[in-house]
Amino acid sequence: MDSSDDESGEEYLFKIVIIGDSAVGKSNLLTRYARNEFNLHSKATIGVEFQTQTLEIDGKEVKAQIWDTAGQERFRAVTSAYYRGAFGALVVYDISRRTTFDSIPRWLDELKTHSDTTVARMLVGNKCDLDNIRAVSVEEGKSLAESEGMFFMETSALDATNVNKAFEMVIREIY
Ligand code: GTP
Ligand code: MG
């Protein structure tokens, strides 16, 4: 945690990273949370982007700096720098694409390798609006999360289901 003082008193800044395969909806989860925006035709992320979101917990101002990078290896920034100082992570798959769920253990390994502290982790099954073409059951998600000691939530960046909840659970857990 970076805690710094300014004129307004105490302030907390937490870094949170979003990871997962390309096109699972990481960038749209972030824009839905930070700006209440969704883009059906968003482009793959190149490098790193971040947004800062302020919320109030127990009367204190808490800032979450949320980092988003490319799922595709060739577009990714320096891995160690991306994870450095992170206190929370959203590890995302797409409930309509099995391969993105199969990649989760790899993402968890990478997170473990590069994080220097205990990280509050949430497994996120995104695109739950696509229930009609679901390829990963809720039970499978839950059970993986349980075995890894993570939180679990299914979300939809498209219709906003559970998006604020997912980010805020991680932020509260850190705080
Ligand atoms: P990379 O930047 O390449 O790693 O991809 P990403 O994980 O950031 O995915 P992105 O947010 O760009 O979304 C990929 C595609 O999925 C876009 O066409 C989005 O509109 C779509 N998408 C994202 N979230 C949802 C969702 O909750 N439901 C549905 N139906 N589509 C979504
Ligand atoms: Mg992206």
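Think of each chain on its own: its residues are numbered from 1, step by step along the sequence as written. Whichever chain is written first is A, and whichever ligand is written first is 1; the rest continue in order. The predicted nature of this model means local features are confined to residues of pLDDT at least 70 and side-chain atom pairs, given and counted, to a pLDDT of 80 or more, with totals for whole chains, interfaces and linings taken over all residues. Heavy atoms throughout the structure, all of them, feed into the side-chain values; hydrogens and water do not.

Trainee: Give a description of the coordination of the magnesium ion (ligand 2) that names residues and reports values.
Mentor: Within the protein, the magnesium ion (ligand 2) binds to Ser27 (OG) and Thr45 (OG1); these donor distances fall in the range 2.0 to 2.1 Å. In this pair, Ser27 sits in helix H1 (residues 26–35) while Thr45 sits in the loop between H1 and strand E3 (48–57), placing the two residues 18 residues apart along the sequence. Coordinating donors are taken as N, O and S atoms within 2.8 Å of the metal, stretched to 3.2 Å for Na, K and Ca; because water is absent from the atoms, sites can appear incomplete. By the criteria applied, helices consist of DSSP H or I runs no shorter than four residues and strands consist of E runs no shorter than two, each listed in order from the N terminus.

Trainee: Explain the side chain of Thr45 to me, using residue names and the numbers behind them.
Mentor: Type-normalised accessible area, obtained with a 1.4 Å probe on protein chains alone, sets the label of each residue: buried when under 20%, exposed when over 50%, and partly exposed for intermediate values. Thr45 sits in the buried class, given a relative accessible area of 10%. Two N or O atoms form a polar contact when they lie within 3.5 Å of each other; inside protein one atom must be a possible hydrogen donor and the other a possible acceptor, and for residues adjacent in sequence the pair counts only when both atoms belong to side chains. Engagement of the side chain of Thr45 in a polar contact is seen with the side chain of Ser27, the distance being 2.8 Å. Among residues more than four places away in sequence, those in contact with Thr45 are Ser27, Asp68, Thr69, Ala70 and Phe75. By definition in these notes, contact holds between two residues if any of their heavy atoms fall within 4.5 Å.

Trainee: Before we move on, could you go through the pattern of salt bridges and cite the residues and values that matter?
Mentor: Any Lys or Arg side-chain nitrogen found within 4 Å of a carboxyl oxygen on Asp or Glu counts as a salt bridge. Inspection of the entire model under this criterion finds 9 salt bridges. A salt bridge links Glu140 to Arg98; the nearest nitrogen and oxygen atoms lie 2.7 Å apart. You can see Glu140 sitting in helix H5 (residues 138–148) and its partner Arg98 sitting in helix H3 (residues 98–102), a full 42 residues away along the chain. According to the relative accessible area criterion, Glu140 is partly exposed, its value standing at 29%.

Trainee: So, the packing of aromatic side chains: which residues are in play, and what are the values?
Mentor: Aromatic rings from Phe, Tyr and Trp, with only the six-membered ring used for Trp, were paired whenever their centres fell within 6.5 Å, and each pair was classed as stacked if the ring planes differed by under 30 degrees, edge-to-face if by over 60, and tilted otherwise. Tallied over the entire structure, the rule returns 7 aromatic pairs. An angle of 85° between the planes, with centres 5.7 Å apart, marks the rings of Tyr12 and Tyr175 as edge-to-face. Residue Tyr12 is found in strand E2 (residues 9–19), and its partner Tyr175 is found in the segment after helix H6 (163–174); the two are separated by 163 residues along the sequence. Centroid distance Tyr93 to Phe101: 4.8 Å. Interplanar angle 65°. Geometry classified as edge-to-face. Each member of the pair, Tyr93 together with Phe101, is buried. Three or more aromatic residues joined by ring pairs make a cluster, and in this case those are Phe50, Trp67, Tyr82 and Tyr83. Only lysine NZ and arginine CZ atoms are considered, and such an atom sits over a ring when it is within 6 Å of the ring centre and within 35 degrees of the ring normal. For Lys15, the ring lying beneath its charged end belongs to Trp67, and the centroid distance is 3.6 Å. Positioned over the ring face of Trp107 is Arg106, at 5.6 Å from the centre of the ring.

Trainee: Could you give me a rundown of the confidence of the model for the protein chain, with the residues and numbers involved?
Mentor: Each residue carries a pLDDT score, the predictor's own confidence in it, on a scale running from 0 to 100. Residues of the protein chain with pLDDT of at least 70 account for 94%, and the chain-wide mean is 92. Across residues 1–6, where pLDDT falls below 50, the model places 14 contacts with residues more than four positions away in sequence or in other chains. Scored as a whole, the predicted complex attains pTM 0.93, and scored at its interfaces, ipTM 0.99.

Trainee: Please set out the site of ligand 1 residue by residue, giving values where relevant.
Mentor: The environment of ligand 1 is made up of 23 residues, and the closest members are Ser22, Lys26, Asn39, Ser42 and Gly71. Ala23 places a polar main-chain atom, nitrogen or oxygen, 2.8 Å from an oxygen atom of ligand 1. Under the convention used here, a 1.4 Å probe and the Shrake-Rupley method define accessible areas, while residue burial counts only the protein chains that appear. In the complex, 91% of the free accessible area of ligand 1, which totals 650 Å², lies under the protein chains. Looking at which element gives the most residues to the shell around ligand 1, the answer is H1, with 3 residues. Charged residues are taken to be Asp, Glu, Lys and Arg, nonpolar residues to be Ala, Val, Leu, Ile, Met, Phe, Trp, Tyr, Cys and Pro, and polar residues to be all remaining types, Gly included. Of the residues assigned to the shell around ligand 1, the class counts are 9 nonpolar, 10 polar and 4 charged. Nearness here has a simple test: a residue counts as near a molecule or strand if at least one of its heavy atoms is within 4 Å of that partner.

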